[in-house]
Amino acid sequence: MSSDLPSVGTRLCHSGHLGTVRYVGAVEGTTGIWLGVEWDDPKRGKHDGVKDGKRYFTCLVPHSGSFLRPSAAISYGVTFLTALSVKYVDVPRGDVSSERIVLGSSGGAIEVEAIGLDKVRSKLARLERLREVSLDNECVSKSDPSGEVGRTCPGIRGLDLSKNLIPDWDVVAAITVELRELRSLSLNQNRLRPLERLSCGTTAFQKLEELQLNATLMTWEDFLSILEYMPSLRVVELGYNRLHTLHQETTPGIQHRHRRHHRAVESVNFDGNFLDSFADVCAAMRVFSSLQRLVLTSNCLGEIGPPPGTHQESSEGSPVRALKHLALAFNRIATWRDIDMLPRWCSQLESLTLAGNPLFDDPPHKPHARQFAIAKIPSLKLLDGATISPKERNDSELLYLSYISKQALSVDEKRAEHPQWEALCSKHGLSSAPTSSTPQETQDILSNRLITVRIYEAASDPPQSLPAENVNDYLRECRANVSLRVLSTMTVRAFKLKVMKSFKIPKVKQSAMRLWMVLPDGHLVEMDEEYAGRDLSWWGIEEGTPFVAVVHPS
């Protein structure tokens, strides 16, 4: 076999597509040598290593493989400094004072005259001054002779090597070991072989604080292996790696090594994987004793049970009890019991995302989903990106208590089905004893805070003002009206959405709706978008205030 042929595991680029060599040799029924390639983009593949019933290689992703003839059109990559020079060093143009350049973002449509580009080129050519470097998709596959990187660009603090041809961690370490100031490293969309032993020793990643390993198909076990060399790592991203579990299958010695606590790690991102067990994920997080943020968006998480070995209402034994930020959007959470368990896992939780779960999107739950989630998690300050004000929390908790009071449950049943019930009763001055208050009394606490307003739908914009004695005549001529009961703490934006829903305004027309408040003196004030974040009490809205809504034709 020719020495010019790549070895198995070599990364390559062909016609702009990146892949990994999985097989080198003959294929039955053909002549010559073939390369069996697993493509980074599965759409490029035709099979997973099987030809006419015979398996030649296997793929990490099904149907991402194909055979390719060795040719000069295949690139096996360049060194780090070669890619750096190509991107950051441009040859000066000499005496040319101005140049015509095409703006890349315009798709070739915009051409401008630029003056003094040689000065810019001269500054960028000083590679020793570079602090942030992006070499994504530059076909980097190998390091340079020892000492060259350190002499050329020693000041790099942030480095993006995403979507390249780097085959393993040894190549990465050979580059980073000479970047003594490196703090942030992106290796997204690379395909790195599992680490056995780092040949560059333990200094290559000593100061690294942020690491991105999205879409690398890296397993949890492989990540823990490289983590041993990163004592300062604070933030890691492991999204889109097709992870189904974080269960470790290792020899006893290696497993014991991975159980050591990593005190620096504060944030872990698993966005876009296939994780389906919240308990298993949390158990795997036990190695991060300082974990503050956990992102599990767009996974397959459903049931959330209680932490193992914990007492009722306690999170003492939870491996993520100090967690403050949790992202659970776009999973399969469907019951309130799952939400009830979160304070037992994360007693200090401050921010949470739940959008895109069946519980928040299904019609039976949607109207009160946000309020109930707020009431069920007392430590929460931010839900789905929106701050929870003291007024909103107060109203949400009262609404939740009102809901509980309408259920025919005994005291023991309320404690079992609504873990926060007793604490909320105590907070709002209600007795949890069965004879102290009736459901109607609890409901009245919230009802007393509701005000009734009336919305009239007009065919065209109303006048700026009307004589006070003519207001009622004008409103009677409107083509439809509806009464709504609202909280004075509701924002104008939320109020408008409620109006649209009441009049069944289609989504395509909702942006065309305008709303006016009718003042007692006959003036009409439009509630425009500038003040949409203000609550109704700021506008002085009170019991019986009339409004006029107009939907302009699109």
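Shown above is the structure to which this text applies.
What comes next is a walk through the structure. Not measured: the values here are computed from a predicted model.

## Digging into the pattern of salt bridges
Then, in step 1: This structure, assessed with the given rule, holds 20 salt bridges.
Then, in step 2: A salt bridge links Lys427 to Glu397; its shortest N-O distance comes to 2.9 Å. Remark: Glu397 occurs in helix 11 (residues 390-405) and Lys427 occurs in helix 13 (residues 421-427); sequence separation between them is 30 residues.
Then, in step 3: On the accessibility criterion, Glu397 (2% relative accessible area) is buried.

## Things to note about the packing of aromatic side chains
Then, in step 1: By the definition in use, this model includes 14 aromatic pairs.
Then, in step 2: Measuring from ring centre to ring centre gives 5.5 Å for Trp220 and Phe223, while their planes differ by 35°; the resulting arrangement is tilted. One end of the pair, Trp220, and the other, Phe223, are both in helix 5 (residues 220-227), three residues apart, so they sit about a helical turn from each other.
Then, in step 3: Its relative accessible area of 2% is what places Trp220 among the buried residues.
Then, in step 4: A residue is classified by how much of its surface remains accessible, and Phe223, at 0% relative accessible area, is buried.
Then, in step 5: Look at Phe278 and Trp345: their rings are 5.3 Å apart centre to centre, the planes differ by 90°, and that puts the pair in the edge-to-face class. Within this pair, whereas Phe278 is found in helix 7 (residues 278-284), its partner Trp345 is found in helix 8 (residues 336-345), the two being separated by 67 residues in sequence. The exposure classification of Phe278 matches that of Trp345, with both residues buried.

## Side note on the environment of Ser277
Then, in step 1: Mapping Ser277 onto the fold places it in the loop between strand 17 (267-269) and helix 7.
Then, in step 2: In this structure Ser277 comes out as partly exposed when scored by relative accessible area, which is 22%.
Then, in step 3: On a C-alpha basis, the gap between Ser277 and Glu303 in space is 7.7 Å, while along the polypeptide they are 26 residues apart.
Then, in step 4: Within the local environment of Ser277, its side chain forms a polar contact with the backbone nitrogen of Asp280, the two atoms lying 3.1 Å apart.

## Some remarks on unusual backbone geometry
Then, in step 1: Of note, the phi angle at Ser15 is positive, near 55°, even though the residue is not glycine.
Then, in step 2: Its location among the elements puts Ser15 in the loop between strand 1 (11-14) and strand 2 (17-25).
Then, in step 3: Positive phi is not limited to glycine here, since Arg242 has a value of about 60°.
Then, in step 4: Mapped onto the elements, Arg242 comes out in the loop between strand 16 (235-237) and helix 6 (252-258).
Then, in step 5: Here Arg242 falls in the partly exposed class, since its relative accessible area comes to 42%.

## What to know about the sheet that holds strand 24 (residues 480-487)
As a general point, the strands of a sheet are linked pairwise by backbone hydrogen bonds and lie either parallel or antiparallel.
Then, in step 1: Pairing is mixed across the open sheet formed by five strands, whose spatial order is 24-23-27-25-26. Either end of the sheet is taken by a strand with one partner, and the two such strands are strand 24 and strand 26 (524-526). Ignoring strand direction, the axes of neighbouring strands in this sheet form an average angle of 30°.
Then, in step 2: Note that strand 23 (residues 450-458) and strand 24 share eight bridges and pair antiparallel. Residue Glu457 lies in a different strand from strand 24, and its bridge partner there is Ala480.
Then, in step 3: Its contacts with the sheet put helix 16 (residues 492-502) on strand 23, strand 24, strand 25 (513-518) and strand 27 (546-551), and the angle it makes with strand 24 is roughly 140°.

## With respect to the side chain of Arg11
Then, in step 1: Mapped onto the elements, Arg11 comes out in strand 1.
Then, in step 2: By relative accessible area, Arg11 is classed as buried at 1%.
Then, in step 3: For Arg11, the side chain forms a polar contact with the main-chain oxygen of Gly19, separated by 3.5 Å.
Then, in step 4: Among the polar contacts listed, one links the side chain of Arg11 to the side chain of Asp40, at a separation of 2.8 Å.

## Section: the nonpolar core
Then, in step 1: With 96 residues, the main nonpolar core has Phe80, Trp169, Phe205, Phe223, Phe270, Met285 and Leu328 as its most contacted residues.
Then, in step 2: Leave out the neighbours within four places in its chain, and Phe223 touches Leu211, Leu213, Met218, Leu233, Val236, Leu238 and Phe288.

## Quick word on the packing of helix 10 (residues 369-376) against helix 11
Then, in step 1: Here helix 10 crosses helix 11 at 95°, and the two axes come no closer than 8 Å. One way to sum up the angle between helix 10 and helix 11 is to call them roughly perpendicular. In this structure, helix 10 uses Arg370, Gln371, Phe372, Ile374, Ala375 and Lys376 to contact helix 11, whose residues at the interface are Glu392, Arg393, Ser396, Glu397, Leu399, Tyr400 and Tyr403.
Then, in step 2: Taken together, the residues of the contact of helix 10 with helix 11 sort by class into six nonpolar, two polar and five charged.

Conventions used here
Per chain, residue numbering runs from 1 following the sequence as it is written. Totals for whole chains, interfaces and linings use every residue, but because this is a predicted model, local features are given only for residues with pLDDT of at least 70 and side-chain atom pairs only at 80 or more, for both listing and counting. Only hydrogens and water are set aside when side-chain values are computed; all heavy atoms of the structure are taken into account. Counted as salt bridges are all cases of a side-chain nitrogen of Lys or Arg within 4 Å of a carboxyl oxygen of Asp or Glu. Think of it this way: any DSSP run of H or I at least four residues long counts as a helix, any run of E at least two long counts as a strand, and we number them from the N terminus. For every residue, the accessible area obtained with a 1.4 Å probe (protein chains only) is divided by the maximum for its type, and the residue is called buried under 20%, exposed over 50%, and partly exposed between those limits. Note on aromatic pairs: the rings of Phe, Tyr and Trp (six-membered ring only in Trp) are paired at centre separations within 6.5 Å, and the planes decide the class, stacked below 30 degrees, edge-to-face beyond 60, tilted for the rest. Here a polar contact is taken to be a pair of N or O atoms separated by no more than 3.5 Å, where protein atoms must pair a possible hydrogen donor with a possible acceptor and residues adjacent in sequence count only if both atoms sit in side chains. Two strands are said to pair when DSSP picks up at least two bridges between them. Orientation is described by lines fitted to C-alpha atoms, with helices fitted over the stretch in contact, and by angles between N-to-C directions that extend from 0 to 180 degrees. Contacts are assigned to residue pairs that have any heavy atoms within 4.5 Å of one another. What is meant by a nonpolar core is a set of buried Ala, Val, Leu, Ile, Met, Phe, Trp, Tyr and Cys residues, joined one to another through side-chain atoms within 4.5 Å. Any angle between 65 and 115 degrees counts as roughly perpendicular, while under 35 counts as roughly parallel, over 145 as roughly antiparallel, and the rest as oblique. Residue polarity is assigned by list, with Asp, Glu, Lys and Arg as charged and Ala, Val, Leu, Ile, Met, Phe, Trp, Tyr, Cys and Pro as nonpolar; anything else, Gly included, falls into the polar class.

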